Amino acid sequence: MAPPKWRGAFTTAFQSFLSGGALLATIINWFGSKMGENGWRFSLGCAGIPAAIMTVGAFFIPDTPSSLIQRGQLQKARQSLNQVRGVDSDTEAELNDLIRHHEAAKAATKQPYKTIIQRKYRPHLVITTAIPTFQQLTGINIVAFYAPVLFRSIGLSVDGSLIGAIILNFINFSSTFVSAYSVDRFGRRLLFLEAGVQMILCQFVLAYIFSAELGTAGTANFSKGSAILVLVLMCIISAGFGWSWGPLTWIVPSEILPLEVRPAGQGICIASNFLMTFILSQAFLSILCKMKYGVFLFYAGWVLIMTVFMGLFMPETKGIRLQEMDKIWQGHWFWYRFVEDPSLNYANMIDGNQNHNQPGHSL
Ligand SMILES: OC[C@H]1O[C@](O)(CO)[C@@H](O)[C@@H]1O
């Protein structure tokens, strides 16, 4: 529904609300911690408020043009598209594209999971699974879930640890706005690559500080200066995450998945993310006890791998219309061999040439 030019900024709102919710929850918990034994009831009760807003708000969400087309309401779809794009814009071409994709989707949705494992969807499947899995391997939820515990272990008071967690969440939330501003101007790849380097460097320095202050015994006391440095470095990691892997994990799959495999792809994307969140949060304490400061090197290693992966396999998708997304795979140095090039096939049909796909240009 979002115009391609501003699609990244619009989709970033999803992550802004997620991290905004986490920030609010941390603040509520901080108030809860001051309320004595009923504090947890207050914290838990507040969780019902957004659920109520969502339930009521659902009645006011407008239908998207795609959904109207799926239900055969073409006239309403046209009106809806005109409403979104403005009455002056020529929306007929876009409407026809959407109808064409819908026809393809209808043919494929009988067996969506069987469809998405076809060879021509390999780039979509790999990227849609890799990004949400990697997102968790940045270690962000370890920072999110265990920040107060980590802050306690470096000598901060209970109150100080909760405030530290609020600061971290605030940085994470604010940086999603940096992403909203830059993602459609500078592109997705730049944000992935820049934030990757930023997070790796901070994780290395964190490993060094923890090893120098705590060694492997984990019993020494942190100096105040080091404790502050730890908080600052974690904030820098949080900021990098907030303007890259946080929102881009939802933006990229939503823009690369063609309609015919979109439901299956989105399902795989969310499932990979939640599965990885579950595994890492369950394993974290054991990993921490075994690896001590090495846990930061563990995550730095993963961020290095995923940054190289993005550099090699993730084409730029900024401003590309969904209907034209095929072209970016056809022009990619690696993925071109998996996708079909309809224009070449058409050419073959006309002049009988047996052309093979050639990468047009490397993205
Ligand atoms: O994108 C979702 C991820 O982002 C966070 O909300 C942090 O900002 C994580 O808790 C979650 O796993």
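Residues numbered from 1 in each chain as written. Predicted model: local features only at pLDDT ≥ 70, side-chain atom pairs only at ≥ 80, totals over all residues. Heavy atoms only, no water.

- An unreviewed UniProt entry lists the protein under the name Major facilitator superfamily (MFS) profile domain-containing protein, with Castanea mollissima given as the organism.
- Regarding the protein, the UniProt comment filed under Subcellular location (unreviewed entry) reads as follows: "Membrane".
- For the protein, the Sequence similarities (unreviewed entry) comment in UniProt is given as "Belongs to the major facilitator superfamily. Sugar transporter (TC 2.A.1.1) family." (UniProt positions renumbered as here; feature names shortened; annotations may be inferred.)

### Some details on the overall build of the protein
1) Next: Secondary structure assignment for the protein yields 17 helices and zero strands.
2) Next: Referenced to the eigenvectors of the C-alpha coordinate spread, the extents of the protein come out at roughly 75 × 50 × 35 Å.
3) Next: Within the protein, the fraction of its 363 residues that count as buried is 45%.
4) Next: Of the accessible surface of the protein, which amounts to about 18,700 Å², a share of 67% is contributed by carbon and sulfur atoms. (Helix = DSSP H or I, 4+ residues; strand = E, 2+ residues; numbered from the N terminus. Buried < 20%, exposed > 50% of the residue type's maximum accessible area, 1.4 Å probe, protein only. Areas by Shrake-Rupley, 256 points an atom, 1.4 Å probe, with all protein chains shown as cover.)

### Let's talk about the nonpolar core
1) Next: Core analysis: the biggest nonpolar cluster contains 62 residues, and Ile127, Ile131, Leu206, Phe210, Val230, Trp245 and Trp329 have the highest contact counts within it.
2) Next: Examining the composition of this core, we find that eleven residues originate from one element, helix 11 (residues 188–214), more than from any other.
3) Next: Filtering out sequence-adjacent residues up to four positions away, phenylalanine 210 remains in contact with Leu150, Ile154, Gly215, Phe222, Val230, Tyr293 and Phe296. (Core = buried A, V, L, I, M, F, W, Y, C linked by side-chain atoms within 4.5 Å. Contact = heavy atoms within 4.5 Å.)

### Things to note about helix 13 (residues 245–256)
Working note: α-helix, 3.6 residues per turn, so residues spaced by three or four point in the same direction.
1) Next: The end-to-end C-alpha distance of helix 13, which contains twelve residues, comes to 16 Å, matching closely the 16 Å that a straight helix rising 1.5 Å per residue would cover.
2) Next: Within helix 13, twelve of the twelve residues are buried, which leaves it mostly tucked inside the rest of the structure.
3) Next: Buried within helix 13 we find Trp245, Gly246, Pro247, Leu248, Thr249, Trp250, Ile251, Val252, Pro253, Ser254, Glu255 and Ile256. (Expected span 1.5 Å × (residues − 1).)

### A closer look at the pattern of salt bridges
1) Next: Scanning the model with the defined rule gives eight salt bridges in all.
2) Next: Across the pair aspartate 97 and arginine 100 runs a salt bridge, and its minimum N-O distance is 3.1 Å. Placement of both aspartate 97 and arginine 100 in helix 6 (residues 92–108) is noted, with a separation of three residues, approximately one turn of the helix.
3) Next: Arginine 321 serves as the salt-bridge partner of aspartate 97, at 3.3 Å between the closest nitrogen and oxygen. Here arginine 321 lies in the loop between helix 15 (294–313) and helix 16 (325–330) and aspartate 97 lies in helix 6, a separation of 224 residues in the sequence.
4) Next: Its relative accessible area of 13% is what places aspartate 97 among the buried residues.
5) Next: Counted as one network, the salt bridges with shared partners bring together Asp97, Arg100, Arg321 and Glu324. (Salt bridge = Lys/Arg side-chain N within 4 Å of Asp/Glu carboxyl O.)

### Structural notes on the UniProt feature "transmembrane region" (unreviewed entry) in the protein
1) Next: When the UniProt feature table is mapped onto this chain, "transmembrane region" (unreviewed entry) is found at residues 40–61, 125–149, 161–183, 190–210, 222–246, 267–287 and 293–313.
2) Next: What you have in residues 125–149 is 92% helix and 0% strand, and the ends, taken at the C-alpha atoms, are 37 Å apart.
3) Next: The distance from the first to the last C-alpha atom of residues 222–246 is 30 Å, and the span holds 88% helix and 0% strand.

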